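# Understanding the architecture of this molecule
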Amino acid sequence: MTMTLPAPPRVGERLGRYTVQRVEPLPEMSGTLVLLTHDLGARHAHVIRADDNTTFGVTFPTVPRDSTGVAHILEHVVLMGSQRFPVPDPFFSMIPRSLNTFMNAMTASDWTTYPFSTRNEKDFFNLLSVYLDAAFFPLMRYESFRQDGHRFEFETPDDPTTPLKMQGVVYNEMKGAMASPSSVMWRAFGKALYPDLTYANNSGGAPGDIPGLTYDALRAFHAAHYHPGNAFFYTYGALPLERILAEIEAHVMSRFSPQVLDVSIPDQAPFSAPQREAVRYPSSDTERGAQVLVGWKLGHSSDPHLNLRWSVLSDVLLGNPAAPLTRPLIESGLGSALSDLSGYRDSFREGAFAAGLKGLPAGKAAEVETLVLDTLREIAGAGLDPELISSSLHQFEIMQKEVSNSGQPYGLQVMFRLLGPWLHGGDPVTGLRLDDALDALRADLAAGPVFEPLLRALLDNPHRVTLELVPDPALAAQVEADEAAMVARLSADFTPEDRARILADSARLKEVQGQPSDPNILPTLTLADVPAQVPAAPYITQGEAHVQVARAPQPTGGLTYLDLRLRLPALPDDLLDALPLYTYALTRSGAAGQDYAALARRIEAVTGGVSASVGVGNPPDDVDALRLAVTLSGKALSRNAPELVGVLRDLLVAPEFTRERLEQLLKQRLAGFKANVVSSGNVYAERLATAQVSLSGALSERFGGLSALATLQRTVEEDGLETLLLQFARLQALLLSSEALLTVTATEADLRLDVSALTEPLTGGAPVGRPAPALAPRQPQARTTDTPVSYNALAWPTVPYTHPDSPALLVLSRLLRGEYLLSEIREKGGAYGGGASFEPRTGLFAMSSYRDPHIARTFGVFAAARDFLNTELGDRELTEAILSASKVLDPLTSPDTAGSARVFSDSAGYTPDVQAAYKARLLAVTLADLRRVMAAWLTPERAAYGVVTGRDPNEDTGVQDLGLTFDVQSI
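Residues numbered from 1 in each chain as written. Predicted model: local features only at pLDDT ≥ 70, side-chain atom pairs only at ≥ 80, totals over all residues. Heavy atoms only, no water.

### Regarding the pattern of salt bridges
What counts, and what does not: Take a side-chain nitrogen of Lys or Arg and a carboxyl oxygen of Asp or Glu: if they are within 4 Å of each other, that pair is a salt bridge. The helix count covers DSSP runs of H or I at least four residues long, the strand count covers runs of E at least two residues long, and both are numbered beginning at the N terminus. Summary of the burial criterion: residues with accessible area below 20% of their type's maximum are buried, those above 50% are exposed, and those between are partly exposed, where the area comes from a 1.4 Å probe applied to protein chains only.
As enumerated under the stated definition, the model contains 51 salt bridges in all. Arginine 567 is paired through a salt bridge with glutamate 739; the nearest N and O atoms lie 3.2 Å apart. Taken together, the positions of arginine 567 in strand E20 (residues 559-567) and glutamate 739 in strand E25 (residues 739-746) put the pair 172 residues apart, joining distant regions of the chain. Accessibility expressed as a relative area gives 10% for arginine 567, which makes it buried. Exposure remark for glutamate 739: the relative accessible area of 36% places this residue in the partly exposed category. Several salt bridges converge on common partners, so that one network encompasses Arg97, Glu819, Arg876, Glu877 and Glu880.

### Re unusual backbone geometry
The phi angle at serine 30 is positive, at roughly 55°, despite the residue not being glycine. Topologically, serine 30 is positioned in the loop between strand E2 (18-26) and strand E3 (31-38). The class of serine 30 is exposed, set by a relative accessible area of 59%. One non-glycine residue with positive phi stands out, namely arginine 851, at about 45°. Mapping arginine 851 onto the fold places it in the loop between strand E29 (844-850) and helix H29 (856-863).

### What to know about the UniProt feature "domain: Peptidase M16C associated" (unreviewed entry) in the chain
Put simply, the test is: UniProt positions are given in the numbering used here, feature names are shortened, and annotations may be inferred rather than shown by experiment.
This chain's UniProt record puts "domain: Peptidase M16C associated" (unreviewed entry) on residues 469-715. Within residues 469-715, the helical portion is 50% and the strand portion 19%, while the C-alpha atoms at the span's ends are 26 Å from each other.

### Remarks on the domain arrangement of the chain
Defined as follows: Where each domain starts and ends comes from a domain assignment, either automatic or drawn from a database. Only heavy atoms matter for contacts: two residues are in contact if any of them lie within 4.5 Å across the pair. What gets called buried area is simply the loss in accessible area from a 1.4 Å probe that two parts show on being joined, summed for both. Side-chain atoms alone can form a polar contact between residues adjacent in sequence; in general such a contact is a pair of N or O atoms within 3.5 Å, and within protein one must be able to donate a hydrogen while the other accepts it.
Segmenting the chain into domains produces domain 1 (275-471), domain 2 (540-760) and domain 3 (781-970). For domain 2 and domain 3, the distance between their C-alpha centroids amounts to 29 Å. Across the contact, 36 residues belong to domain 2 and 40 residues belong to domain 3. For the pairing of domain 2 and domain 3, the buried interface totals around 2900 Å² over both sides, and the portion due to carbon and sulfur atoms is 66%. Linking domain 2 with domain 3 are 12 residue pairs in polar contact (both at pLDDT 80 or more).

### What about the packing of aromatic side chains?
Put simply, the rule is: We call Phe, Tyr and Trp rings a pair once their centres come within 6.5 Å, taking the six-membered ring for Trp, and we label the pair stacked below 30 degrees between planes, edge-to-face above 60, and tilted otherwise. Consider the ring centre and the ring normal. A charge sits over the ring if Lys NZ or Arg CZ is within 6 Å of that centre and within 35 degrees of that normal.
Following the criterion strictly, the structure yields 43 aromatic pairs and no others. Ring centres 6.0 Å apart and planes at 40° place the aromatic pair phenylalanine 673 and tyrosine 684 in the tilted group. Taken together, the positions of phenylalanine 673 in helix H22 (residues 659-679) and tyrosine 684 in helix H23 (residues 681-690) put the pair 11 residues apart, joining distant regions of the chain. The ring centre of phenylalanine 137 lies 3.7 Å from the NZ or CZ of arginine 255, which sits over that ring. Its end group placed over the ring of tyrosine 684, arginine 687 keeps NZ or CZ at 5.8 Å from the ring centre.

### Some details on the side chain of serine 117
You can see serine 117 is positioned in strand E8 (residues 111-118). At a separation of 2.6 Å, a polar atom in the side chain of serine 117 contacts the side chain of threonine 101.

### Concerning helix H7 (residues 215-225)
Rule in force here: Here the arc refers to the set of directions running from the helix axis out to each C-beta atom.
Buried within H7 we find Leu218, Phe221, His222 and His225. The arc that holds every buried residue of H7, seen down its axis, measures 100°, which confines them to one face. Taken together, the buried residues of H7 touch strand E5 (54-61), helix H1 (70-77), helix H3 (121-136) and helix H4 (142-148).

What follows is the structure, encoded as structure tokens:
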């Protein structure tokens, strides 16, 4: 159905107290940009586009002058009650009252933003009212500041004889964040390159500095920054602009008077000579845990021509394994992968370019610096291959054309693209429309060298920092000792009255957290707003050779997408561990007579990227009837679609793996894997638990859990490459005999693409295998690593998709998350996150916590969930849980994924009829159903435990009191 769009206003037109400044066509996305200003100084960008997923955001430039985390803590506190909605946590309360496709708030180095998106018009205005009141009229209760910022608390809050602790949601969040090497590198990079600016501060908050933030300073920061004159509003979609502006005027603008604000960021004074810095992070990996990054400050990132040139040059130098800077760095053998932050960064007011290596021993800063500088000199002297530049420009053309909700809603992607230049004084149009800058770049390239002079200027630029990130095995203990010393120092002069005040404050916070509130003052949707139908993207299927080919027409904007799913025959057990390594290496190696560098250049020149992945599936009626599939995917401009077919064919039929390249790739994967454990510990804890009770969980743990990390580490350290190469050859032969299904997604005009080159080599014929991996030992599992916080998980096996209890389990997970675990684990326990999840297709139910200061307390909370379920719950709680659960059944799609998702779901048995029946059962779930499925399936004896932590949980008396004994292993 064609969507009717409102006509754009005219330049100069007054819409209330707004003035239309510009109206710009956006032909690449079939949209129109309207830029307005308000009499109070607010700026508003509105994108008119035929997209039912309407998006809103309000962004404030926030410029902290220290590392107390004031901007970050404020982001939390403003969402904890406002004048119109004085409930304790309207942000989290709205999540289950909404059909949003995105809700969040984010603090960056120099801005804070509050975005959301939804496909429901009523929902949009509900959320708009809550977001506006939260941002501009928050209550900012003292108790909210103590809960999410920082507070003194006795280890047992009501017992003053127990030790004093520092607590707070943001405090614990940042303790976990600053154990991550990428986070430490990011903070150190900003401080080293821009030492006199706000980027030198930790906007999220350094744990040692957070206790220095006062409640009064928080309120003052809000008053100075959260004014319409400092606000950048953004809306996107097909709703009438006038109605949106009227809402903002009525609820915000009408209550303010003009205010002079200065949150400008000056230029960083240039260095007279290059500098070198070293920063430590907690890690015991002294052999391969270091990183070295060589970085430069550049010109203003709001300059569209300079920004595009550096974006293209960065892609040319580092954008693929064959790139002229990447390849010498990796093949030097000094490190295993490019360092974090390698590439061009336009998130600073003055941009930055950096390159380096990770996977190093400490003390290699000079060698890496020399390698980077010498390689850049060679490139500048020899000149860049014009084909590399052409390939990079081709990637930018694809970026301009592609409209995708993958990763995050497209409307939100558009917001972030225009915010970059807009916030730093540039033209927001240049973030969305690259045509002028691309035309100017092509003209300059035709006239002579463009990038070589940029490189020579870079090498002559003294504003350079060589930053070394050094693993320190003793740092975790030192940080813990420093925290204890800080608490001792700050409490050294405490009188009995001070300790009594801490007791009283803790009691008051507990009282506030336990106070009943009336969530009915918040706007809400009802079950009648849940779409009854299941989207059924059209497609036709026909047999071609031994392959079923589905062709799905979609408005892809001139791109073609190919997705080839290969259901594997039975695999010997040794090939299971090799399979994820095969898919990782496949698109990063050579094929059909081309080495990895030549193939990488070919992929960049004619496609928008190719990928390979392994997946585990099962039919709707049996969680143990597992099926393994490898999926090869790629996209290209439709004029290059035949070349994409050829690339995928060569990867499938004639992959070429060499020992040298495979060793490089496995070391890269190992470095990334290790870094990911600290930042995503809850995922690994859940996999430890589910591997004990579910076949699909056991496979997921072997493919992407900590046992996969251990297997990878053994392969690298014990030189298992020759064995792995033999396993790859066996896997490649099995792929060709697999059951194949190919989806072609394109516009009607491009849908008849000839794919015979890809389908003909596939012989099929082999029956689909049914893997049955051994479950992990049924004992609570703990893995220790360099982190000051914990990630706790509890998991249960339950029922398949078509079982009558499955919808109730999904609703139960949402009820526990919103009504119980958020309060107990985050608000009372101080963890950054806590929740429950249910995966209807695998039947796995889990509870978990994220960046949690507790272990035993959290497992106690999990165990008490059944008691909570027997408290007085009513229609509101049930309706909100069903609303929240329904979103799982209606994921946001876009032209790139709608066709293939429908084809593969139908093939797996999850047809629209099956999904519609599931939704109908979900909408009929009762509270009695929830209590029944809890009693039937989530029993203590069926539960499995997993923990990723920095300490031995068996030394915790609370763990012993729960009757738990963990099998503890070091990562």
